[in-house]
Amino acid sequence: MTAHGFAKAPLVVVGDALLDRDLTGHADRLAPDAPVPVVDDCEERIRPGGAALAAYLAAADGRPVTLITGLGDDPASARLRELLDGRVEVIALPLTGPLSEKTRVLARGRPVVRLDRGDGRVRAATDAARAALRAAPAVLVSDYGRGAADALRDELTARPPLVWDPHPRGGPPVPGTRLVTPARSEAQAFAHHAEADEASRARADADASSPGSDADAASPGSDADAVSPGSDVDATPGTGKPAAGAAREPAAGAVAPHDGRVAAGDAGEPAAHGPRGHELYAAAGQAAALVRHWRVGAVSVTLGVRGALLSYGDHPLLIPAPAAHDGDPCGAGDRFAATAAGLLADGALVGEALQGAVAAATAFVGAGGAAAITAAAPGGTRPAPGGTGTPPAPADAGRDAPDDDPFAVAARVRAAGGTVVAAGGCFDLLHAGHVGLLQAARRIGDCLVVCVNSDASVRRRKGEGRPVNPLADRVRVLRALGCVDAVAVFDEDTPERLLAELRPDVWVKGGDYTGANLPEAAQLRQWGGQAVLLPYLDGRSSTALIARAAEGAR
């Protein structure tokens, strides 16, 4: 049932199914003939993979699911049908060869090697598949680059899906898609591709406008279909999809200029910039560029243990992960996409769906990932990992009391290669919205400096009678929070001067702000910083608290 008491909306999943297999044992010795581990006492576990895993997880959430995917007459296809029988309705598309299988060999839960076989691709669409798409109230495309989405592109273009989970070897999402969910490395590859495509078109337009030029001549090196080296992101063994909730290396060598486009190896890249701040800066520019290039509603870039960054083409909303797990990330990307699509189908807003997807993917990894999935008896579904989130670790765990000097804190963190995060506001009457925002901001980086308006600044902004609490009290309460490392005060109406001195890597504001009233964003870009919005608890504000207190006193 949904939050409103209605049955969960049905979902159609279009994409490329895989058959995933884990061989799990222990390795205590090396082989005598080669320096490789010997994995003993292997236990075999078989499960749906790729789009089939996304469909399986969506069905385990309690919603009707139809999967449109390529299947053949080979043993792997037959086994996958058995796993899905009674849980997911399957509409098969013809394959050119056997279904793709991915086998992981793990020792004590850690992957040692992956073995792939099966090269089947979808040959064509079918009338049954087209009819199912035309009648579908909600669609998730789970593209693994094996032709299912391409075969049905005309139907998907006519009725854009809610969510498109892309793959570098697949086609681009169709215009009008509500949400596209690339992982960090995928977004980087797609952004480079988009930049090359735009540059190629610009050269073609210039050639066409030149007298006597051959507009059809291709410029050397202008193949926009070439994917950047190293952009095959089969980084999550067993699924071929990067995962939200899984530790990942920050992408390097991509910087977003002021217009949001991505330039590789930009000479203007800031030298003193925390790795997490750099990742957010690059991801924000790439996501904004992809929104425009693909002509989609929004792009969400999953950032592993840091959650997901959502962009509608302007200032991004960062949704931090509620906890960090050192677990198996296999399948977490499918958990993320299936949850987001399901919540959107149920009527959630994009930001709400992303918060649910981040929480579900984080819990999925904490519960053991796809390896923890075990098939229930046919005819029923068994709750899959990630159905509920886990409480976040206390933001003040293992930390000392805040330092008195915010500049010393920032310098110390920056010298260690860390990321400096700053947040600002009046914080007159500290409430749950403030606390949630500051806790989430602290999880983004390695220190949090809170920039607070002075009493005079608050009075100019809020009027006579404010602040209710004087500056000394407000600073003391903020410094008592475990998530706050230091507090800085500014007397102007806005914190531009203080930010210019502090130079944080990330500037955080609550989600009730918009690009129109977030002037700090342009300033942060001067030194390679990134301004982000964080989800904010609705209905919480100091002004509203004061009004309610005054009403109650009458």
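Look a little higher up for the structure.
What counts, and at which threshold
- Residues numbered from 1 in each chain as written.
- Predicted model: local features only at pLDDT ≥ 70, side-chain atom pairs only at ≥ 80, totals over all residues.
- Heavy atoms only, no water.
- Helix = DSSP H or I, 4+ residues; strand = E, 2+ residues; numbered from the N terminus.
- Expected span 1.5 Å × (residues − 1).
- Buried < 20%, exposed > 50% of the residue type's maximum accessible area, 1.4 Å probe, protein only.
- Contact = heavy atoms within 4.5 Å.
- Salt bridge = Lys/Arg side-chain N within 4 Å of Asp/Glu carboxyl O.
- Pairing = 2+ DSSP bridges.
- Core = buried A, V, L, I, M, F, W, Y, C linked by side-chain atoms within 4.5 Å.
- Axes fitted to C-alpha atoms, helices over the stretch in contact; angles between N-to-C directions.

Colleague: Which parts of the structure should I look at to understand helix α9 (residues 350-366)?
Modeller: Every α-helical turn comprises 3.6 residues, leaving residues that sit three or four positions apart pointing alike. For α9, which comprises 17 residues, the first-to-last C-alpha distance of 24 Å matches the rise-based estimate of 24 Å (1.5 Å per residue) to within 8%. Those residues of α9 not exposed but buried are Val 350, Gly 351, Ala 353, Leu 354, Ala 357, Val 358, Ala 360, Ala 361, Thr 362, Ala 363, Phe 364 and Val 365. Elements that come into contact with the buried residues of α9 comprise α1 (51-60), β10 (179-180), β13 (299-302), β14 (308-311), β15 (317-319) and α8 (332-345). Gly 368, located one to two residues past α9, shows a positive phi value of around 110 degrees.

Colleague: Where do I start with the environment of Ile 319 in this structure?
Modeller: Along the chain, Ile 319 turns up in strand β15. Distance in space between the C-alpha atoms of Ile 319 and Gly 351 is 8.6 Å, their sequence separation being 32 residues.

Colleague: For this particular structure, what's the right way to read the pattern of salt bridges?
Modeller: Counted under the stated rule, the structure contains 28 salt bridges. Salt-bridge contacts for Asp 22 lead to Arg 47; the nearest nitrogen and oxygen are separated by 2.9 Å. Of the two residues, Asp 22 is situated in strand β2 (residues 17-30) and Arg 47 in strand β3 (residues 37-50); the sequence distance between them amounts to 25 residues. Of the two residues examined, Asp 22 and Arg 47, each falls in the buried class.

Colleague: Explain the pairing of β13 to me, please; I cannot follow it from the model alone.
Modeller: Side-chain direction in a regular strand flips from residue to residue, so the side chains alternate between the two faces of the sheet. Along β13, one buried face is formed by Val 299 and Val 301 and the opposite face, lined by Ser 300 and Thr 302, is buried too. Where β13 lies against β14, four bridges are found, and the strand directions are antiparallel. Note that in β14 the partner of Val 301 across the bridge is Leu 309. Between β13 and β14, which pair antiparallel in sequence order, lie five residues; one of them, Gly 304, sits at a positive phi of approximately 65 degrees.

Colleague: What exactly am I supposed to notice about the pairing of strand β17 (residues 447-453) here?
Modeller: Among the seven residues of β17, seven are classified as buried, and the element is accordingly described as predominantly covered. Residues Cys 447, Val 449, Cys 451 and Asn 453 point to one face of β17 and Leu 448, Val 450 and Val 452 to the other, with burial holding for every one of them. Two elements, strand β16 (residues 420-425) and β17, share six bridges in a ladder whose sense is parallel. Bridging from a neighbouring strand, Ala 423 pairs with Val 450 of β17. Where β17 and strand β18 (residues 486-490) come together, five bridges link them in parallel fashion.

Colleague: Can you help me understand the nonpolar core in this one?
Modeller: Taken as a class, soluble globular proteins show a tendency for nonpolar side chains to be buried jointly. Counting residues in each nonpolar core, the largest one holds 129 residues, and the members touching the most others are Ile 68, Leu 179, Val 299, Leu 438, Ile 444 and Val 508. It is α1 that contributes the most residues to this core, nine residues altogether. Contacts of Val 508, omitting those with residues within four sequence positions, involve Val 421, Ala 422, Ala 423, Gly 424, Leu 437, Ala 441, Ile 444, Val 532 and Leu 534.

Colleague: Where do I start with the environment of Val 305 in this structure?
Modeller: Positionally, Val 305 belongs in the loop between β13 and β14. For Val 305, a relative accessible area of 31% gives the class partly exposed. Each C-alpha atom, one on Val 305 and one on Ile 444, is 9.6 Å from the other, the two residues being 139 residues apart in sequence.

Colleague: Can you help me understand the side chain of Arg 47 in this one?
Modeller: Classification of Arg 47 by relative accessible area gives buried; the value is 3%. Excluding its chain neighbours within four sequence positions, the residues that come into contact with Arg 47 are Leu 19, Asp 20, Asp 22, Leu 83, Arg 104, Cys 330, Ala 370 and Ala 371.

Colleague: How should I be thinking about the sheet that holds β3 in this particular structure?
Modeller: In sheet architecture, strand pairing relies on hydrogen bonds along the backbone and comes in two forms, parallel and antiparallel. Strand order in this open sheet of four strands is β3-β2-β6-β7, and the pairing throughout is mixed. Only two strands of the sheet have a single partner each, and these edge strands are β3 and β7 (110-117). Averaged over all adjacent pairs, the angle separating strand axes in this sheet is 20 degrees, with direction ignored. Across seven bridges, strand β6 (residues 101-107) lies against β7 in antiparallel orientation. Within β7, the residue paired with Val 105 across the bridge is Val 113.

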